[in-house]
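# Topology and contacts: notes
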Amino acid sequence: MIIKITQTASNIKQRYDVAADNLYYLGQLGSLNRRQPITLSRENTVTKAIYSRSKWVNYIPLRYLFGFPNLTRGFALYQNDLQYGKFIFSKQNYLGGVYVIALDSGEVLHCYSRSVGDFNCVSIYQGDKQIALVETYLTVRDRKYTHKLYLLDAHEKLAETLSLFVLYYANYTFVKRMHMSKGIYKEKAWSYSKYNDKYDSTWRETYFPNENFFGAIQP
C-alpha cells in the first residue's frame, strides 16, 4: 500500500491531501504552533492527535545520561472522540531518539528517522520487523512538502494511524509557519545517530520494486 501525503497549503494554514487507491483524507495542522490539534478527516471519520504535556522531569536536560529517556512531544490519539493510543518522542541518548506509537490494542511501533541526501526517511518497525517507510523529498516549492508512506499490505489496518503520524512528524520536522518563502527550496542532508542501522536502503526496492518516490517505474 502506498499513501501520498501532499501539502497543499503552507505559511498561515497547514493543509494536506492524503490519498491512496482506496482512501482519501484531508489533513490539517495548527496554524499558530506545534501543540495545536492534528486532524485527518473523511466522511464520518475524524482521527485526531491532541497535545499532552509531559511530566516536568522529562524536560531536565541530559536526563538520558542517567538511563532515563526524555519523553516529549506527546499527543493522544482519538478517532471520533474515542481515545485509542498516543505518539511520543523518546530521547534516549545524545546521538538520537525514537518516535513511539503506542496503541491501546497493545501494538507498539518504533519509528527511526534518518536523512540521506535528497530525502528524509523514517523506518517504522513492529518488533524486529520493518513494516513501513516514509520518504520526504527535501526539494520543495513554497515550503510545501510531499511525503510518501509505503506500508506492507499485511498491516493495512494501520494506514490511518500512520498517515496521522506522518502529519505529526512533519509538524515537528518540516513545517514552517508564518514564512514568506516563494519559489523552489533545495536541500541535501545527512544525519547520524545510534539508530542509523535501522535504515535499510533496499527495503523499498525489495517490497515495492515497481515504485519509487516519483511514481511507477516503467518496465
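Position numbers for residues count from 1 along each chain, tracking the sequence in the order it is written. In keeping with the model being predicted, local features are shown solely for residues with a pLDDT of at least 70 and side-chain atom pairs are shown and tallied solely at 80 or more, while totals for entire chains, interfaces and linings include all residues. To obtain the side-chain values, all non-hydrogen atoms of the structure were included, while hydrogens and water were left out.

## Looking at the overall build of the protein chain
For the protein chain, the count of helices and strands is two helices and 17 strands. With the C-alpha coordinates aligned to their principal axes, the bounding extent of the protein chain is approximately 55 × 40 × 35 Å. Exposure classes here rest on a 1.4 Å probe applied to the protein chains alone. A residue is buried below 20% of its type maximum, exposed above 50%, and partly exposed in between. Out of the 219 residues belonging to the protein chain, those deemed buried represent 48%. Working rule for contacts: check all heavy atoms of both residues, and any pair within 4.5 Å makes them a contact. Within the protein chain, residue pairs in contact and separated by at least 24 positions form 51% of the contacts whose partners lie at least 6 positions apart. Note on areas: these come from Shrake-Rupley sampling with a 1.4 Å probe, and a residue is covered only by the protein chains present in the view. Summed over all atoms, the accessible surface of the protein chain reaches about 11,700 Å², with 52% contributed by carbon and sulfur. For the protein chain, the distance from the average site of its 28 positive side-chain charges to the average site of its 18 negative ones is 11 Å. Counting from the N terminus, the helices are the DSSP runs of H or I reaching at least four residues and the strands are the DSSP runs of E reaching at least two. When charges are counted, Lys and Arg contribute as positive and Asp and Glu as negative, whereas His and the chain ends are disregarded. Lysine's charge is taken at NZ, arginine's at CZ, aspartate's at CG and glutamate's at CD.

## A closer look at the side chain of Ser-54
Along the polypeptide, Ser-54 turns up in the loop between strand E5 (45-51) and strand E6 (70-79). Its relative accessible area of 12% is what places Ser-54 among the buried residues. Here a polar contact means two N or O atoms within 3.5 Å. Within protein one must be a hydrogen donor candidate and the other an acceptor candidate, and residues neighboring in sequence count only if both atoms are side-chain atoms. Polar contacts involving the side chain of Ser-54 include one to the main-chain carbonyl oxygen of Leu-71, which spans 2.7 Å. Aside from chain neighbours lying at most four places away, what touches Ser-54 is Tyr-59, Leu-71, Thr-72 and Arg-73.

## Some thoughts on the side chain of Thr-39
With respect to the secondary-structure elements, Thr-39 resides in strand E4 (residues 38-42). Each residue touching Thr-39, except ones within four places of it in the same chain, is listed here: Leu-26, Gly-27, Gln-28, Thr-47, Lys-48, Leu-164 and Leu-167.

## Here we look at the nonpolar core
In summary, soluble globular proteins display a tendency toward joint burial of nonpolar side chains. One finds Phe-87, Ile-124, Leu-162, Phe-165 and Tyr-168 to be the most contacted residues of the largest nonpolar core, which totals 46 residues. Element by element, the count of residues in this core is highest for helix H1 (residues 159-173), at ten residues. The residues touching Ile-124, leaving out its near neighbours within four places in the chain, are Leu-109, His-110, Cys-111, Lys-129, Gln-130, Ile-131, Ala-132, Val-134, Leu-149 and Leu-162. Residue types Ala, Val, Leu, Ile, Met, Phe, Trp, Tyr and Cys, when buried and joined through side-chain atoms within 4.5 Å, form a set referred to as a nonpolar core. Of all hydrophobic cores here, the second largest spans eight residues; its members include Cys-121, Tyr-150, Leu-152 and Trp-203.

## So, the packing of aromatic side chains
Ring geometry is summarised as follows: Phe, Tyr and Trp rings, the Trp one being its six-membered ring, pair when their centres sit within 6.5 Å, and such pairs are stacked at plane angles under 30 degrees, edge-to-face over 60 and tilted between the two. Under the defined criterion, the tally for this structure stands at 25 aromatic pairs. Plain terms: the ring middles of Tyr-99 and Phe-165 are 5.9 Å apart, the flat faces sit at 75° to each other, and that makes the pair edge-to-face. Placement of the pair is Tyr-99 in strand E8 (residues 96-103) and Phe-165 in helix H1, with a sequence separation of 66 residues. Residue Phe-165 is classed as buried on the basis of its relative accessible area, which comes to 1%.

## Considerations on unusual backbone geometry
Of note in this structure, Asn-80 is not a glycine but carries a positive phi near 50°. Looking at Asn-80, the relative accessible area reads 39%, which means it is partly exposed. With a phi close to 55°, Asp-142 is a non-glycine residue in the positive phi region. Checked against the element boundaries, Asp-142 lands in the loop between strand E12 (140-141) and strand E13 (146-151).

Geometric values such as these leave the question of function open.
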